[in-house]
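Close look at the chain arrangement
Here are the chains, one letter per residue:
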Amino acid sequence: MAPRKIIIDTDPGGDDVMAMLLALASSPEELEVLMISVTYGNVPLDSCLRNVVGLFHVLEHEMEWRKTQGKPLGYEVLRTYKPIVAVGPEHALEDEILMADNFHGADGLHGVHEAHPHLSPADTWKALFKDGLPGEAEEPSYLKYFTPSKTPAHKEILRILKEEPADTVSICALGPLTNLALAASEDPETFLRVKEVAVMGGAIECEGNVTPVAEFNTYADAVATARVFALTSPNPASTMPPIPKDKATLPPYPEKLSKRLNLSLFPLDITTPHLLNMGFFLEKIESQLAAGSPLGIWVNTFMSGLFRQIASMVGTEVEPGLSLHDPITIWYMLTGSDPAWKLAKGAPEDIRIETSGQWTHGMHVSDRRGRTRPDGVTALEVAGDEDGWLSLVRGNRINRYVSSPGEMTFAPFLMQRLFG
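In what follows, the accompanying structure is described.

This part takes up the overall build of the chain. For the chain, the helix and strand inventory stands at 14 helices and 13 strands. Relative to the compact-globule value of 22 Å for 420 residues, the chain shows a C-alpha radius of gyration of 21 Å, a close match. Structurally, the chain occupies a C-alpha span of about 70 × 50 × 45 Å along its principal axes. Here the chain, with 420 residues, has 56% of them falling under the buried criterion. Within the chain, counting contacts between residues at least 6 apart in sequence, those at least 24 apart form 79% of the total. The chain carries 36 positive and 55 negative side-chain charges, and their two centres are separated by 5 Å.

Laid out in structure tokens, this is it:
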């Protein structure tokens, strides 16, 4: 069976790194990582990109260490394929101020680069992605694992979707959807060649994590999320964000598109209960630290920072646990055929994004009134339903997942894949 081809759009972030590690630790029969597209988000863009390059750098050290120790190398996807790494814009579509997220530390990985400089790439890595900067005389050895691109990330996404057969490439979106919105705006038909977009984002029937109603990724670029979600609609114009009067914005989509976007949503409702608890993590990482695993040392550093941050938020009476928000999308790519993955009742749902509310910016809005929809035979609309919440030809069509193969089984699966 052919591997599932994926693009990972990410803003690393500790749980983003765990997601990428899970993908790279998979078998080449399961996944082929075609591209890692980097966006701003948890920290500014340069820090996010540094964390991606740092990930490959430390994995190079880990492969050398495992080889000298006579250990199984693992990380077959890392050693089999060579993804493109490309970079997106530094801020949201219509906002130039980057919202700070202190959860992941100033660098996104709780000081891992300063704590272990020998496991971090030399600063000349920046020249790999931008002309006019000083680079190394020789190509960095970690480039055996990825190909850096100086082309904007959204253009690389479109290139891959154009070159690969339609409906064969999926996108795992782990951060703000700015790169995806730019790609969809530039060439909607090519973007719609994607097989599936798996989005970690939103809070549907639970509280938000950055405001009472909003989750961080959506809040960081609500307009981008709204535009991507609109492609799931029979009539994208019906759910597009309002056009601002004083800001540049992307143009509307063409009136007629060849198909609708297949979008799977993994909001906080499902991701939050999937915990990697501190006690379990320390138990599993202890042998890696004792043996001197570079990857174990690196991951333990930022995970310890995350656990300290969580403890400061929840207090000392509760064991700190990291919700595996972003890795769930990769788990889904690996195990999506498992019938334990279940959609919300009535899926696909009309879930829309609030982009202009004073207190509700970034909120995922759905109609919970329980009203009867048209039968689709005698009518497609309901009289007086101006916003189309009951319409069969307007509104978004989102596949929201509400259950997985097991909240308690994911953390052991993840740690086994990463460290054996």
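Having seen the model, we can carry on.
A cluster of nonpolar side chains, contributed by M313, V314 and V318, occupies part of the molecular surface with about 290 Å² of accessible area. A relative accessible area of 44% means that V314 is categorised as partly exposed.

Another point: the pairing of strand 3 (residues 84-87). Burial of strand 3 is two-sided: the residues I84 and A86 facing one way and the residues V85 and V87 facing the other way are all buried. When strand 2 (residues 31-38) meets strand 3, the two strands line up parallel, connected through 4 bridges. Note that in strand 3 the partner of M35 across the bridge is I84.

Okay, the nonpolar core next. In this structure, L21, Y75, W298, V299, M303 and I330 are the most contacted members of the largest nonpolar core, which totals 78 residues. At 10 residues, the largest contribution of residues to this core is made by helix 2 (residues 45-68). Setting aside chain neighbours within four positions, we find M303 in contact with M18, L276, F281 and L322. One finds A153, L158, I171 and A224 within the second-largest nonpolar core, a separate group that totals 42 residues.

This part takes up the pairing of strand 7 (residues 263-266). Of the two faces of strand 7, the one carrying L263 and L265 and the one carrying S264 and F266 are both buried. Pairing of strand 6 (residues 196-200) with strand 7 involves 4 bridges; the strand directions are parallel. Bridged to M200 within strand 7 is F266. Of the strand pairs in this sheet, strand 7 and strand 13 (residues 399-403) are connected by 2 bridges, and their pairing is parallel.

Turning our attention to the pattern of salt bridges. Per the counting criterion, the structure on display carries 17 salt bridges. Close ionic contact of D187 with K162 constitutes a salt bridge, the shortest N to O distance being 3.8 Å. On the criterion of sequence distance, the pair formed by D187 in the loop between helix 6 (178-186) and helix 7 (188-191) and K162 in helix 5 (residues 153-163) is long-range, its members being 25 residues apart.

Turning our eyes to something else, we now look at the sheet that holds strand 4 (residues 147-148). What the 9 strands build is an open sheet, ordered 4-3-2-1-5-6-7-13-10; its pairing is mixed. Two strands close off the open sheet at either side, each with one partner strand: strand 4 and strand 10 (342-343). Across 7 bridges, the pairing between strand 1 (residues 4-10) and strand 2 is parallel. Bridging across to strand 2, D9 finds its partner in S37. Across the sheet, helix 5 lies against strand 1, strand 2, strand 3 and strand 5 (169-173), angled at about 155 degrees from strand 2, the strand it touches most.

Another point: the environment of G296. Within the secondary structure, G296 sits in helix 12 (residues 294-314). Spatially, the C-alpha atoms of G296 and L418 are 9.3 Å apart, while their sequence positions differ by 122 residues. Sequence-distant contacts of G296, that is, excluding residues within four places in its chain, are made with E62, I285, Q288, L289 and F419.

Bringing helix 5 into the picture now. Three or four residues apart is the spacing at which side chains of an α-helix point the same way, because the helix has 3.6 residues per turn. Within helix 5 the residues assigned to the buried category are A153, H154, E156, I157, L158, I160 and L161. Structurally, helix 5 contributes buried residues whose contacts are with strand 1, strand 2, strand 3, strand 5, helix 6 and helix 7.

What follows is about the side chain of S404. Tracing the chain through its elements places S404 in the loop between strand 13 and helix 14 (410-419). With a relative accessible area of 13%, S404 lands in the buried category. At 2.6 Å, the side chain of S404 forms a polar contact with the side chain of H274. When neighbours within four sequence positions are excluded, S404 is seen to be in contact with I270, H274, W331, A340 and W341.

Counted under the stated rule, the structure contains 15 aromatic pairs. Between W331 and F413, the ring centres sit 6.4 Å apart and the planes meet at 40 degrees, which makes this aromatic pair tilted. With W331 in helix 13 (residues 327-335) and F413 in helix 14, this pair connects stretches of sequence that are 82 residues apart. You can call W331 buried: its relative accessible area is 4%. Overall, F413 belongs to the partly exposed group, its relative accessible area being 23%. Measuring from centroid to centroid gives 5.5 Å for Y332 and W341, while their planes differ by 85 degrees, and the two rings are edge-to-face. A single burial state applies to Y332 and to W341, both of which are buried. Here the aromatic cluster, defined as three or more aromatic residues joined through ring pairs, consists of F266, W331, Y332, W341, Y401, F410 and F413. The ring centre of Y253 lies 5.0 Å from the NZ or CZ of R227, which sits over that ring.

The rules behind these values
- Each chain carries its own residue numbering, running from 1 in the direction its sequence is written.
- Selection of residues for local features in this predicted model requires a pLDDT of at least 70, selection of side-chain atom pairs for listing and counting requires 80 or more, and totals for whole chains, interfaces and linings are taken over all residues.
- No hydrogens and no water enter the side-chain calculation; it runs on all heavy atoms of the structure.
- By the criteria applied, helices consist of DSSP H or I runs no shorter than four residues and strands consist of E runs no shorter than two, each listed in order from the N terminus.
- What the globule rule says is 2.2 Å times the number of residues to the power 0.38, and the radius of gyration is computed from C-alpha atoms.
- Relative accessibility decides the category of a residue: with a 1.4 Å probe and only protein chains considered, values under 20% of the type maximum give buried, values over 50% give exposed, and everything between is partly exposed.
- It only takes one pair of heavy atoms within 4.5 Å for two residues to be counted as in contact.
- When charges are tallied, Lys and Arg are placed among the positive residues and Asp and Glu among the negative ones, while His and the ends of the chain are skipped.
- Note on charges: their place is set at NZ of Lys, CZ of Arg, CG of Asp or CD of Glu.
- Within this analysis, patches are made of residues with over 30% relative accessible area and no salt bridge. Like charges are joined at 9 Å or less; nonpolar side chains (Val, Leu, Ile, Met, Phe, Trp, Tyr) at 5 Å or less.
- Note on areas: Shrake-Rupley, 1.4 Å probe, and residue coverage restricted to the protein chains presented here.
- Only one rule defines a salt bridge in this text: a Lys or Arg side-chain nitrogen within 4 Å of an Asp or Glu carboxyl oxygen.
- Being paired, for any two strands, means DSSP has found at least two bridges between them.
- Throughout this description, the term nonpolar core refers to a set of buried Ala, Val, Leu, Ile, Met, Phe, Trp, Tyr and Cys residues connected via side-chain atoms within 4.5 Å.
- The angle between two axes is taken between their N-to-C directions and runs from 0 to 180 degrees, where each axis is a line fitted to C-alpha atoms and a helix contributes only its stretch in contact.
- Within 3.5 Å is the distance limit for a polar contact, defined as a pair of N or O atoms, with the added protein rule that one can donate a hydrogen and the other accept it, and that residues adjacent in sequence qualify only through two side-chain atoms.
- When the centres of two rings from Phe, Tyr and Trp lie within 6.5 Å, Trp using its six-membered ring, the rings pair. Their planes under 30 degrees apart give stacked, over 60 give edge-to-face, and anything left gives tilted.
- The criterion for a charge sitting over a ring is simple: Lys NZ or Arg CZ within 6 Å of the ring centre, and within 35 degrees of the ring normal.

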